[in-house]
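# Overview (structure and organization)
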Amino acid sequence: MFNLILTPMLPFRSEIRNSPNQQAIKIFLSDESLDSRIKKHLEHFNEIETIEITESIGQNRVSENITVVLKDHADITKMKSSIDSSLWWYFEEDPVD
């Protein structure tokens, strides 16, 4: 007999990407149709320099992502935590069918 454990698909996942030129956070949404809405939702953060919807490359499960580039003075770890909290709040308040 098999025990099947189903894990629900999370609405998003985020990753810190560091490069010598810029600090960035990549956000991968399970529903890509929400990319523009989430981009607009994130625009209230003062520490964000730019937000772009870009094509995902590699072995990601989605074809595009939201790339958040932070200003030079921003703490990337704190910003990732703040963005994640804001997105969890967003998905709790505005459930997606």
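Before reading further, recall that the structure is shown in the block above.
First, a word on scope: everything that follows refers to the structure included in this document. Worth saying up front: this structure is predicted, and the values here are computed from it rather than measured.

## Considering the packing of helix H1 (residues 35–42) against helix H2 (residues 76–93)
Viewed as axis vectors pointing N to C, H1 and H2 meet at an angle of 125 degrees, and their least axial separation amounts to 11 Å. In terms of orientation, H1 and H2 fall into the oblique class. For the pair H1 and H2, the sense of crossing is right-handed. Of H2, the residues touching H1 (which contributes Arg-37, Ile-38, His-41 and Leu-42) are Ile-83, Ser-86, Leu-87, Trp-89, Tyr-90 and Phe-91. For the contact of H1 with H2, the class distribution of residues is seven nonpolar, two polar and one charged.

## Focus on the side chain of Lys-26
Among the secondary structure elements, Lys-26 is positioned in strand S2 (residues 23–29). Put simply, Lys-26 is tucked away with no salt bridge, and the nearest opposite charge, on Glu-52, sits 7.4 Å away. A polar atom in the side chain of Lys-26 sits 3.2 Å from the side chain of Thr-67. If near-sequence neighbours (up to four positions away) are discounted, Lys-26 is found in contact with Arg-13, Ser-14, Glu-15, Arg-17, Thr-54, Asn-65, Ile-66 and Thr-67.

## Concerning the pattern of salt bridges
On inspection of all chains with the given rule, the structure shows three salt bridges. Between Glu-15 and Arg-13 there is a salt bridge, with the nearest N and O atoms lying 2.4 Å from each other. You can call Glu-15 partly exposed: its relative accessible area is 23%. Classification of Arg-13 as partly exposed rests on a relative accessible area of 29%. Across the salt bridge formed by Glu-15 and Arg-17, the nearest N and O atoms sit 2.4 Å from each other. With relative accessibility at 35%, the residue Arg-17 sits in the partly exposed group.

Rules of the game
Residues numbered from 1 in each chain as written. Predicted model: local features only at pLDDT ≥ 70, side-chain atom pairs only at ≥ 80, totals over all residues. Heavy atoms only, no water. Axes fitted to C-alpha atoms, helices over the stretch in contact; angles between N-to-C directions. Helix = DSSP H or I, 4+ residues; strand = E, 2+ residues; numbered from the N terminus. Parallel < 35°, antiparallel > 145°, perpendicular 65-115°, else oblique. Left-handed = near helix turned anticlockwise from the far one by under 90°. Contact = heavy atoms within 4.5 Å. Nonpolar A, V, L, I, M, F, W, Y, C, P; charged D, E, K, R; others polar. Buried < 20%, exposed > 50% of the residue type's maximum accessible area, 1.4 Å probe, protein only. Lys, Arg positive; Asp, Glu negative; His and termini not counted. Salt bridge = Lys/Arg side-chain N within 4 Å of Asp/Glu carboxyl O. Polar contact = N/O pair within 3.5 Å; in protein donor to acceptor, adjacent residues only side chain to side chain.

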